[in-house]
Amino acid sequence: MAADSRAKAATLNLRRRLLSSSCRLFFPEDPVKIIRSQGQYLYDEQGREFLDCVNNVAHVGHCHPTVVQAAHEQNLVLNTNSRYLHDNIVDYAQRLSETLPKELSVFYFLNSGSEANDLALRLARQYTEHQDVVVLDHAYHGHLSSLIDISPYKFRDLDGQKEWVHVAPLPDTYRGPYREDHPNPAEAYANEVKNVVNIAQEKGRKIAAFFAESLPSVAGQIIPPAGYFSQVAEHIRRAGGLFVADEIQVGFGRVGKHFWAFQLEGESFVPDIVTMGKSIGNGHPVACVVTTQAVSRAFEATGIEYFNTFGGNPVSCAVGLAVLDVLETEQLQAHATNVGSFLMEHLSQQKAKHPIIGDVRGTGLFIGVDLIKDETLRTPATEEAEYLISRLKENYILLSTDGPGRNVLKFKPPMCFSLDNAQHLVAKLDDILTDLWYFFLDMEEKVRSCKTLRIQPNSVKHPSGKRDLCLAHLHQEIHQLQLAFA
């Protein structure tokens, strides 16, 4: 039976029967069945078009014809492992090297970001002959056991923190201990890493690496203060460790101003290892690790071959080359700057209008909107964020949340996301927040008349006022109203 001819309910029943419930769906109460995609759009079994605002894997657009054609043509000729000579793998390494600092000159090809980060960990440990890793709080670096261990986002709900893992505060200038009013948040947060290293060394631990996403994404679309990573690298290298920049979510021109997000630190900043995945293959399983000659030679000195069955195969490299071609010919890096600036500006206008929006941050097409319950405490508006995501879906816009409080709307769409798309998205977001406010005004009078319901008029905030809007409480009260007036 063709996938698009089976009823959604039947597909859902089969999934529930055959797949683990730990493999979760978006919108589990009413999942979307997607059968086709193109560019920045997804289409369900009824042909309805959804605007994809969050899929950074389809980097140059879903089913981009150039990428699809490259994979198909190479599949017709040859697909085998990298133990045979083939032009694609060396051509691809050469093209990638042209985007990177000259020090990063040795490439390893793999199939997923998790594989890439696992190899980066092995490289760092072999080179330094140390074991320990420093990571940022709320970080996520992959699903392999070795990476769950260095991902606070995961290990806190599993076996807990290993003795060889050391967690530094997230350099969040909106929610962290050093905020936007601090005179030098970069230095303050970097000193926190220094303190973590010092404490580890006092216990006899030796640091192999510092792992960080160049822009922490799962942690809430965080933009570290300028100069932070450079200072962190100094502290880590002084301790004998390496700096690993995880570009899996944010590389390949997404930040607009630069091809790699770590380049936001300036030309003088060069990580020791960079990992790539997701967007590198536009949905095809490709990943890469690049490092220095010195790190690579230490790995080679073990005499143990590094072989990855599918890593660097001719089809994967043809796909990778095609992605680079599209980025260049369609000028998508500059496009990310233009559309991202437009989106940031218009989301900031919404912040001025809707006080539930506490912060708008980002660069290029990597943007976060932090939703809050109150301005003073900046309490994460988790339920409100979930409600907005659900309402946007009803308007055929797919968005998601991240951050420890699941309250940060994350915008990282395919790079072909247009100005019209951005304008449409912001308009719908505005409509939902505005409609909700006026609906609340209408319901508030009825709430007051019902003694069994408790709602405080001063707990809400009109776009032009100074009071707090709490959507979650509103939803609860409205539900109670519906029962009371049924």
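Residues numbered from 1 in each chain as written. Predicted model: local features only at pLDDT ≥ 70, side-chain atom pairs only at ≥ 80, totals over all residues. Heavy atoms only, no water.

Chemist: Let's hear about the overall build of the chain: which residues, and what values?
Modeler: Looking only at helices and strands, the chain features 14 helices and 15 strands. Counting only residues that meet the buried cut, the chain has 54% of its 486 residues in that class. Look at the contacts in the chain between residues 6 or more apart in sequence, and 71% of them connect residues 24 or more apart. As presented, the chain carries roughly 22400 Å² of accessible surface, and 50% of it is formed by carbon and sulfur atoms. (Helix = DSSP H or I, 4+ residues; strand = E, 2+ residues; numbered from the N terminus. Buried < 20%, exposed > 50% of the residue type's maximum accessible area, 1.4 Å probe, protein only. Contact = heavy atoms within 4.5 Å. Areas by Shrake-Rupley, 256 points an atom, 1.4 Å probe, with all protein chains shown as cover.)

Chemist: Give me the nonpolar core: which residues, what numbers.
Modeler: Among the nonpolar cores identified, the biggest contains 93 residues, and Phe210, Tyr228 and Met276 are the most heavily contacted of them. Of the residues forming this core, the biggest block, nine residues, is contributed by helix α10 (residues 314–329). The next biggest cluster of nonpolar side chains, apart from the first, holds 26 residues, and it includes Ala116, Ile150, Ala287 and Val295. (Core = buried A, V, L, I, M, F, W, Y, C linked by side-chain atoms within 4.5 Å.)

Chemist: Report on empty space enclosed by the protein, specifying residues and quantitative values.
Modeler: Overall, the coordinates contain one cavity of 30 Å³ or more when judged by the stated rule. Estimates place the volume of the largest cavity at around 40 Å³. Lining the largest cavity, in full, are Leu136, His138, Ala139, Tyr140, His141, Ala212, Glu213, Pro216 and Ala219. (1 Å grid on protein atoms, 1.4 Å probe; cavity = no way out; pocket = protein on both sides within 12 Å on 5 of 7 lines; lining within 4 Å. Points joined across faces, edges and corners; volume = space filled by probe spheres on them.)

Chemist: I'd like a rundown of the sheet that holds strand β11 (residues 357–363), residues and numbers included.
Modeler: Ordered by their spatial adjacency, four strands build an open sheet running β11-β12-β15-β14, and the pairing between neighbours is antiparallel. In this open sheet, the two strands that pair with only one neighbour each are β11 and β14 (400–402). The average undirected angle you get between the axes of adjacent strands in this sheet is 30°. Strand direction decides the pairing type here: β14 and strand β15 (residues 408–411), joined by three bridges, are antiparallel. Looking at β15, one finds that Asp402 is bridged to Val408. Together, β12 (366–371), β14 and β15 form the strand contacts of helix α12 (residues 382–394), whose direction differs from that of β14 by roughly 155°. (Pairing = 2+ DSSP bridges. Axes fitted to C-alpha atoms, helices over the stretch in contact; angles between N-to-C directions.)

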